[in-house]
Amino acid sequence: MSQHKKLSVLISPGNWNPEPWVEGLSASELIDEIHVWPTEANLEKVELLLVWKPLPEGVVSRLPNLKFLSSMGAGVDHLLGDSQIPKDLPVMRIVDKYLAIDMTNYVMMSLMIYQRRYHQLIENQKNNVWGRLGYSKVKVGVLGLGALGSHLARQLVKSGFEVYGFSRNPKELEGVESYSGKDLNAFLAKPEVLVNLLPLNDYTKDILNYDFFTKMQPRAYLINVARGGHLVEADLIRALDEGLLKGATLDVFRQEPLPSDHPFWGRDDIIITPHVASVTTPDSAINQVLENCRNFLEGRPLNYLVDLARQY
Ligand code: NAP
Ligand code: GLV
């Protein structure tokens, strides 16, 4: 690396706080200027764009020297199909151990609430009832065995769950009964609780629909922690009302924040959380970004690239 070469960065943080990113990046010898969108500053030197949702209209045309772009989270659905992004621009995403750990912990919490009948325990306490509730083994299916899904599946095995997994290509994970490709229906027939950890794209949008629910075990439970666009919301309500599904924990929604008059609110069979299952830890993710900055400056290949044709 040339002694003096440094990168200029633009951060477009959406509704996230840019401060920890600015602080972390400015402490690095690899970084020159840091701008935060929106800005009137001259952005001609910017080579790296860090972006959380959405990619603002017109931002890329302000960056004539842009060399690569990174989502500030794991998902890249906010970048797919955006005509502002040149076809040959490398796009990366965050693959971070804390994203995986936090997601696993969130799903584990949801599973415990479900398996240990936590709501009933609290209800009993309110009524001074010493109700010793039983619980049974739960079979869990993980849809999507990528950075987050494979970490979750492994931890579930360690915690004694019977685990099934589904991915696009065949995967071998110790203790996990894995399915792929055309075997979706065989996979869906197995678990009592299904966790969605797919990327959202043209191939996966609306995948959690009524027909899909009919392929699951009767009275199965859904945990959707991937994206709201995977779920056909009216189909979930129908499946719950008909008793096809027993309940759902939802962290992501088609419209966020979830509108206050949305029919999901107030349902006893749906647990709602405000897209908090796993939020990027800047201190840790910045190391990954800096690693790629160094790769770029030293002419090495970039890591954690997204295949925009494959859409994840
Ligand atoms: P990833 O590493 O890209 O993994 C994606 C997995 O899905 C892979 O196993 C892939 O199969 C599989 N897959 C992709 N397309 C498929 C298809 N059409 N049919 C079946 N399987 C398919 O993604 P990740 O880092 O684990 O993240 C997953 C998603 O979680 C993100 O895209 C984001 O939307 C969501 N997320 C949510 C939160 C939250 O707080 N709620 C936080 C972080 C991330 P192969 O292994 O065969 O490629
Ligand atoms: C959060 O939703 C992420 O994609 O990182």
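From a predicted model like this one, the values you see are computed outputs, not experimental measurements. (Residues numbered from 1 in each chain as written. Chains lettered and ligands numbered in written order. Predicted model: local features only at pLDDT ≥ 70, side-chain atom pairs only at ≥ 80, totals over all residues. Heavy atoms only, no water.)

Chemist: Quick one: what's the story with the overall build of the protein chain, residue by residue and with numbers?
Modeler: Across its full length, the protein chain carries eight helices and twelve strands. Radius of gyration (C-alpha) of the protein chain: 22 Å, near the 20 Å computed for a compact globule of 312 residues. For the protein chain, the C-alpha atoms occupy an extent of roughly 70 × 40 × 35 Å along the three principal directions. Taking all 312 residues of the protein chain together, the buried fraction comes to 48%. Taking the contacts inside the protein chain whose residues are at least 6 apart along the sequence as the reference set, 60% of them involve residues at least 24 apart. Here the protein chain displays about 15800 Å² of accessible surface, and carbon together with sulfur accounts for 50% of that area. Of the charged side chains in the protein chain, 32 are positive and 37 negative; the average position of the first set lies 6 Å away from that of the second. (Helix = DSSP H or I, 4+ residues; strand = E, 2+ residues; numbered from the N terminus. Rg over C-alpha atoms; globule rule 2.2 N^0.38 Å. Buried < 20%, exposed > 50% of the residue type's maximum accessible area, 1.4 Å probe, protein only. Contact = heavy atoms within 4.5 Å. Areas by Shrake-Rupley, 256 points an atom, 1.4 Å probe, with all protein chains shown as cover. Lys, Arg positive; Asp, Glu negative; His and termini not counted. Charge placed at Lys NZ, Arg CZ, Asp CG, Glu CD.)

Chemist: Break down the pairing of strand 1 (residues 7-12) for me, citing the residues and quoting the values.
Modeler: Regular strands place their side chains on alternate faces of the sheet. Counting buried residues in strand 1 gives six out of six residues, a clear majority hidden from the surface. Because side chains alternate across strand 1, one face comprises the buried residues Leu-7, Val-9 and Ile-11, and the other comprises Ser-8, Leu-10 and Ser-12, equally buried. Alignment of strand 1 against strand 2 (residues 31-36), held across four bridges, turns out to be parallel. If you follow Val-9 over to strand 2, its bridge partner there is Ile-34. Tracing the backbone out of strand 1, into helix 1 (residues 19-26) and back to the parallel element strand 2 gives a crossover that is right-handed. (Pairing = 2+ DSSP bridges. Right-handed = clockwise from strand over helix to strand, strands pointing away.)

Chemist: Break down the site of ligand 1 for me, with residues and values.
Modeler: Taken together, 28 residues lie near ligand 1, and Arg-93, Asn-169, Lys-171, Val-225 and Tyr-312 sit nearest. Val-225 places a polar main-chain atom, nitrogen or oxygen, 2.9 Å from a nitrogen atom of ligand 1. Between a nitrogen atom of ligand 1 and a side-chain N or O atom of Asp-251, the distance comes to 2.9 Å. The protein chains hide 91% of the 940 Å² of surface that ligand 1 would expose on its own. Elements represented by at least two residues in the shell around ligand 1 include exactly helix 4 (147-158) and strand 7 (162-167). By residue number, the principal contributor to the shell around ligand 1 is helix 4, which donates three residues. For the shell around ligand 1, the per-class residue count stands at 14 nonpolar, nine polar and five charged. Composition of the shell around ligand 1 by domain shows at least three residues from each of domain 1 (7-95 + 280-297) and domain 2 (97-272). (Near = heavy atom within 4 Å. Polar contact = N/O pair within 3.5 Å; in protein donor to acceptor, adjacent residues only side chain to side chain. Nonpolar A, V, L, I, M, F, W, Y, C, P; charged D, E, K, R; others polar. Domains from an automatic or database assignment.)

Chemist: Help me get a handle on a nonpolar patch on the surface, residues and values and all.
Modeler: Judged by side-chain polarity, Tyr-118, Leu-121 and Ile-122 come together as a nonpolar surface patch covering roughly 240 Å² of accessible area. Along the chain, Leu-121 falls in helix 3 (residues 118-126). Taking the relative accessible area as the measure of exposure, Leu-121 reaches 35% and is therefore partly exposed. (Patch = residues over 30% accessible without salt bridge, like charges linked within 9 Å, V, L, I, M, F, W, Y side chains within 5 Å. Salt bridge = Lys/Arg side-chain N within 4 Å of Asp/Glu carboxyl O.)

Chemist: Before we move on, can you summarise the packing of helix 2 (residues 97-115) against helix 4 with the specific residues and values?
Modeler: One can describe the packing of helix 2 onto helix 4 by two numbers: an axis separation of 9 Å at closest approach and a directional angle of 50°. As far as their axial angle goes, helix 4 and helix 2 are oblique. Between helix 2 and helix 4 the crossing geometry is right-handed. Where helix 2 approaches helix 4, its residues Leu-99, Ala-100, Ile-101, Met-103, Thr-104, Val-107, Met-108 and Leu-111 are matched on the opposing element by Ala-147, Leu-148, His-151, Leu-152, Gln-155 and Leu-156. Taken together, the residues of the contact of helix 2 with helix 4 break down into eleven nonpolar, three polar and no charged. (Axes fitted to C-alpha atoms, helices over the stretch in contact; angles between N-to-C directions. Parallel < 35°, antiparallel > 145°, perpendicular 65-115°, else oblique. Left-handed = near helix turned anticlockwise from the far one by under 90°.)

Chemist: Please give an account of the environment of Lys-53 that cites residues and values.
Modeler: Tracing the backbone through its elements, the reader meets Lys-53 in the loop between strand 3 (46-51) and strand 4 (68-71). Separated by 25 residues in sequence, Lys-53 and His-78 have C-alpha atoms that sit 6.0 Å apart. Ignoring any residue separated from it by four or fewer positions in sequence, one finds Lys-53 in contact with Gly-14, Asn-15, Asp-77, His-78, Arg-227 and His-275.

Chemist: Describe the sheet that holds strand 4, naming the residues involved and giving the relevant values.
Modeler: Spatial strand order, 2-1-3-4-5: five strands in an open sheet with parallel pairing. Every interior strand has two partners, whereas the edge strands, strand 2 and strand 5 (91-92), have only one. Most of the contacts of helix 1 go to strand 2, to which it runs at about 170°, and overall it touches strand 1, strand 2 and strand 3.

Geometry only, nothing functional implied.
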